[in-house]
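If you want the building blocks of each chain, they are given just below.
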Amino acid sequence: LVPGKQLSIEGTHSLRFFFVHFPEQNYFICEHLVLLPSEKEILLVQKNISQFLEELRINILAVHHARSIASMQKLSSEQQSALIQEHISSLLIERGDGESSPFDEMQNFLIKISSEKKLSQIQENISILMNRRPEIFDRDIFENIHHISLLFKSSFTFHRGAKHVSRIIGFQYLLKRSLKQTLIHSPKDRFFFFKLMKTELLVEEKTIPVLSLLFTLNFLTETERLEKKHILEAITNYIPEAEYVENSYIVDTREEKIPVYYIECKKNQGKNFTFDEIKLLRKSLTQELKNRIENIATYLFMPRNEEEILHNVVTLSKQIKYVWDIPQVMISYEKQSGQEILFTVLLVRIIKTDTPTIKDLFSQVDSTLHLQLDEVKNIGHLKKKHPKEVNIFKVGLKKFSFIRQDNSLDIQKARHSVVLELMNILGDFRDYNGGMMAQQNQALEKLKGLLSNEGKNYEFLIENFFYSLKPAVMQSILDPEILKNFFFLFLEMAKKELYEEKTYFLMTKDVFSYFLVVIGSKHPTIKDEILNGVGQLKIPSLDLA
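So, here's what we can say about the structure. Small disclaimer: the values here were computed from a predicted structure and weren't measured. (Residues numbered from 1 in each chain as written. Predicted model: local features only at pLDDT ≥ 70, side-chain atom pairs only at ≥ 80, totals over all residues. Heavy atoms only, no water.)

**Regarding helix α16 (residues 526-536)**
Thought 1: Within α16, only one of the 11 residues are buried, which leaves the element largely exposed.
Thought 2: Among the residues trailing α16, lysine 538 stands out with phi positive, at a value near 55 degrees. (Buried < 20%, exposed > 50% of the residue type's maximum accessible area, 1.4 Å probe, protein only. Helix = DSSP H or I, 4+ residues; strand = E, 2+ residues; numbered from the N terminus.)

**Some thoughts on the pairing of strand β12 (residues 370-382)**
Thought 1: Relative to strand β13 (residues 386-398), β12 runs antiparallel, the two sharing 10 bridges. Bridge pairing links glutamine 372 to lysine 394 in β13.
Thought 2: The turn joining β12 and β13, which pair antiparallel and follow one another in sequence, is formed by three residues; a positive phi near 55 degrees is taken by lysine 383. (Pairing = 2+ DSSP bridges.)

**Concerning the packing of aromatic side chains**
Thought 1: One pass over the structure, following the stated rule, counts 16 aromatic pairs.
Thought 2: Where phenylalanine 17 meets phenylalanine 19, the ring centres are 5.6 Å apart and the plane angle is 90 degrees; that geometry is what we call edge-to-face.
Thought 3: Taken together, a centroid distance of 5.2 Å and an interplanar angle of 80 degrees make the contact between phenylalanine 466 and tyrosine 467 edge-to-face.
Thought 4: Overall, phenylalanine 466 belongs to the buried group, its relative accessible area being 0%.
Thought 5: Classification of tyrosine 467 as partly exposed rests on a relative accessible area of 26%.
Thought 6: Put simply, the rings of Phe192, Phe194, Phe215, Tyr249 and Tyr261 touch in pairs and so form one group of aromatic residues.
Thought 7: It is lysine 267 that lies over the ring of phenylalanine 273; its NZ or CZ is 5.4 Å from the centre. (Phe/Tyr/Trp six-rings, centres within 6.5 Å; stacked < 30°, edge-to-face > 60°. Lys NZ or Arg CZ within 6 Å of the ring centre and 35° of its normal.)

**A word on the side chain of glutamate 340**
Thought 1: You can see glutamate 340 is positioned in strand β11 (residues 340-350).
Thought 2: The side chain of glutamate 340 sits in the buried core without any salt bridge; lysine 398 is the nearest counter-charge, 5.1 Å away.
Thought 3: Of the polar contacts made by the side chain of glutamate 340, one reaches the side chain of histidine 370; its length is 2.7 Å.
Thought 4: For glutamate 340, the contacting residues outside a window of four places in its chain are His370, Gly396, Leu397 and Lys399. (Lys, Arg positive; Asp, Glu negative; His and termini not counted. Salt bridge = Lys/Arg side-chain N within 4 Å of Asp/Glu carboxyl O. Polar contact = N/O pair within 3.5 Å; in protein donor to acceptor, adjacent residues only side chain to side chain. Contact = heavy atoms within 4.5 Å.)

**Focus on unusual backbone geometry**
Thought 1: Residue lysine 470 is joined to proline 471 through a cis peptide bond whose omega torsion reads -5 degrees.
Thought 2: When you line up the elements, proline 471 lands in the loop between α13 (459-467) and α14 (474-477).
Thought 3: You will see that lysine 384, though not glycine, has its phi angle at about 60 degrees, which is positive.
Thought 4: Mapped onto the elements of the fold, lysine 384 is located in the loop between β12 and β13.

What follows is the structure, encoded as structure tokens:
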């Protein structure tokens, strides 16, 4: 009646009746009291009421015909569909206005009727379950059935058995209730509850083996999100053959911070999921999905600091003392957009008679970087003879290659890629503010090389481990062989089953002249006690990591 707005029904009166002289004919009258707060809405209703009543009439008659036909058990699905199409066509001919209607795809009626029947079966299944296990299920599970029936499209329940949909509703209720009970005791921690189920999907009279994942978790902040792409990436990380089943992704967001997700995967050529694959997912999914939660960052607004740029230009200029000195470069993170990440580059160099411009150098090479030249100017002469030139420009590159498993942006990796590309374009130069980063990158790559197979499985964890080493200088000082032993000790502790009753777990190891210590605990406050204890030993900073 008012397009784009759901009107509030304030009250309803209805009566079923017949006339004494015509008892064989039943009638029904219904009055809805609808709130229309503005004159504009009243005018819209007056304009749309005729079309609304006609749609209502067709809808009632269409469903009536469809139910009558679907109840004829002897008719095949194709015959039922053909009869329904014939009845609907006759209704539309009566209408005679030539407009397209909601009943263009007649097969949808059979699907809707089947769905209604299944929802009734689902309620029966849940009732039986509640009678068997009254201590687990509350009466409010029926509210779940109503809500999920709204979430599930008719096509979803049509292609899946009532037993499977009942299991989804039951487990969804239990998982969410378990999460809420856990959060009462630990409201600031993240928890993840999930259920993997094997089922079958009926498509064109063929059954396809399907693996369904139902899970719930709690978001810790308003900026966190988890979407279909993140879930599929987590699954395909362990089962590369897994493919998304169309229209199977459903999210219940009644409580924004405790959403419930459902998704299905299949394999091509109708292959089955193996016991080992499901076992691997059960073991790994919790941490994998937690790692893939995306934190939506607010873009930074930071106008260019001219004073800082001038200071950096002077610093770089002083580094060039001889005519054969290579260019001096500073690369700084600028900002990111939806598609790109941008860096500001300061380049100071000696200009000779045959020196090409920066634009010319970029045009000669097919590069992943795109150039935004801000400023080029002369900043003096070397020995009053050779001009020094500063180029201030931005370079942008696609950021998707640098998004980590937890959807954070790896600025350091992106910057390293910029350095390599610029060297390909400009030739050799000194990365003035990137020396330490280059050493860190080399050390990290050596560590990954030593870890070989483990490096592939735990790449995200290795990077977090490496960049957590303090002081940061130790990242490039410590022998990668020591770091390898340290990481394995850390990994062993990470796999341990920690529990509240024990204050901490301790693991140590001697490697060459180093003593490695890993402490695991369920109690975060123990970290301060450890740091205080180590501080009292007064170990020199370069002897302690």
